[in-house]
Amino acid sequence: MRATVAAFWVLTALAGPVAAQLPAAENAFDRGDYRLARQLYDSILKTDSLNPRALYRLAVLDSWDGKLDLALGRFVKLRRVQPADPAIMAEHAKVLSWARLFRWSAALYDSVLALAPDRLDAQVGRARAVAWDGDLVRAERLWREALKRHPDDPDILIGLAQTLSWEGQTFLAEGFATRARQLAPNDQTARELFARLRAANRGPVFSLSTDGADDRYHNRFVVFTGAFSASPRSDLRGTLQATWRENEDGVPST
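Residues numbered from 1 in each chain as written. Predicted model: local features only at pLDDT ≥ 70, side-chain atom pairs only at ≥ 80, totals over all residues. Heavy atoms only, no water.

Engineer: Mind showing me how you'd approach the packing of helix 8 (residues 120-132) against helix 10 (residues 154-166) here?
Structural biologist: For any two helices packed against each other, one specifies the crossing angle of their axes together with the interaxial distance. Close contact between helix 8 and helix 10 brings their axes to 10 Å; oriented N to C, the two are set at 15°. Taken together, helix 8 and helix 10 sit at an angle that is classed as roughly parallel. Seen from above, helix 8 lies across helix 10 with left-handed handedness. Residues Leu120, Val124, Ala131 and Trp132 of helix 8 form the contact with helix 10, whose participating residues are Asp155, Ile156, Thr163 and Trp166. (Axes fitted to C-alpha atoms, helices over the stretch in contact; angles between N-to-C directions. Helix = DSSP H or I, 4+ residues; strand = E, 2+ residues; numbered from the N terminus. Parallel < 35°, antiparallel > 145°, perpendicular 65-115°, else oblique. Left-handed = near helix turned anticlockwise from the far one by under 90°. Contact = heavy atoms within 4.5 Å.)

Engineer: So what exactly am I meant to see when it comes to the pattern of salt bridges here?
Structural biologist: Here the idea is simple: oppositely charged side chains can pair when their charged atoms come close. Tallied over the full model, the rule gives 16 salt bridges. For the salt bridge of arginine 57 with aspartate 30, the shortest nitrogen-to-oxygen distance reads 3.5 Å. With arginine 57 in helix 4 (residues 52-64) and aspartate 30 in helix 2 (residues 18-30), this residue pair connects regions lying 27 residues apart in the sequence. Exposure remark for arginine 57: the relative accessible area of 10% places this residue in the buried category. Judged by its relative accessible area of 60%, aspartate 30 is exposed. Ionic pairing is found between arginine 31 and aspartate 33, a salt bridge with its closest N-O pair at 3.8 Å. (Salt bridge = Lys/Arg side-chain N within 4 Å of Asp/Glu carboxyl O. Buried < 20%, exposed > 50% of the residue type's maximum accessible area, 1.4 Å probe, protein only.)

Engineer: What is the right way to read a nonpolar patch on the surface from this model?
Structural biologist: Together, Tyr34, Trp64, Trp98, Trp132 and Trp166 line one region of the surface with nonpolar side chains, adding up to about 560 Å² of accessible area. The topology assignment puts tryptophan 64 in helix 4. Under the relative-accessibility criterion, tryptophan 64 is labelled partly exposed at 45%. (Patch = residues over 30% accessible without salt bridge, like charges linked within 9 Å, V, L, I, M, F, W, Y side chains within 5 Å. Areas by Shrake-Rupley, 256 points an atom, 1.4 Å probe, with all protein chains shown as cover.)

Engineer: I tried to follow helix 8 on my own but got confused; where do I start?
Structural biologist: Helical periodicity: at 3.6 residues per turn, an α-helix aligns residues three or four positions apart in one direction. For helix 8, which comprises 13 residues, the first-to-last C-alpha distance of 18 Å matches the rise-based estimate of 18 Å (1.5 Å per residue) to within 8%. Taken as a whole, helix 8 has its buried residues at Ala122, Gln123, Val124, Gly125, Arg126, Ala127, Ala129, Val130 and Ala131. Taken together, the buried residues of helix 8 touch helix 6 (86-98), helix 7 (102-115), helix 9 (136-149) and helix 10. (Expected span 1.5 Å × (residues − 1).)

Engineer: Mind showing me how you'd approach the packing of aromatic side chains here?
Structural biologist: Think of a pair of aromatic rings as described by two things: how far the centres are apart, and how the planes are tilted against each other in angle. According to the stated counting rule, one finds five aromatic pairs in the structure shown. Aromatic pair phenylalanine 102 and tryptophan 132: ring centres 6.2 Å apart, planes at 70°, arrangement edge-to-face. Of this pair, phenylalanine 102 sits in helix 7 while tryptophan 132 is found in helix 8, placing the two residues 30 residues apart along the sequence. The exposure class assigned to phenylalanine 102 is buried, which follows from its relative accessible area of 9%. Feature note: the residues Phe29, Tyr34 and Trp64 constitute an aromatic cluster, connected by ring pairs. Between the NZ or CZ atom of arginine 57 and the centre of the ring of phenylalanine 29, over which it lies, the distance is 3.8 Å. The lysine or arginine in question, arginine 181, covers the ring of phenylalanine 194, its NZ or CZ lying 4.0 Å from the ring centre. (Phe/Tyr/Trp six-rings, centres within 6.5 Å; stacked < 30°, edge-to-face > 60°. Lys NZ or Arg CZ within 6 Å of the ring centre and 35° of its normal.)

So yeah, pure geometry; function would need other evidence.
Here's what the structure looks like:
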């Protein structure tokens, strides 16, 4: 009986005007019935090709399906209708980032933040796009600026930890990943990042460096320094270091 009523309601919406179809499409989208939602939004565009809500929802659905070129085309059309809507601009910038158009994405996020400086998704999206583009120094600065505004946001903490790890600062990154996991214990990205950094930081590390000098009196020497770090337990890390030096006279010292 319920299926029959639902089918009748859907057919009525499809056959009716945009005013009737749009609420039905939004209802389907909100409850996760994206196939029906797409069908209804497409039907709306046949009547009203520049309907902002239908264009926006279809652009989002296209991006989720990996149809990034189609999604970006819809966003271009949509922003001719609504050129300065921060929500639309932020979503457009996110899809640009997914399409690896990182600089275009960051520039659009800049425009969003010029309109809405405290918009969290734009702060996160811009820093992430800059990091993905490889400018880790700027990305770290952007993450830290965002963290000042939103000190307890897990996405910012995760992004900063990832950027620091890419810079080779794994111990510092682990601290931010720990905080992110505490704030969002069910977040898979936070859990996996924390586990990876913890394993990297607890693993043994061996390093070797050399140095030497020579002056005008031909007093020469060479130095080799080796270090070994390991964690005998989870809350303790130790380092053993040894130095070997050989002077001009061939007599080594340690």
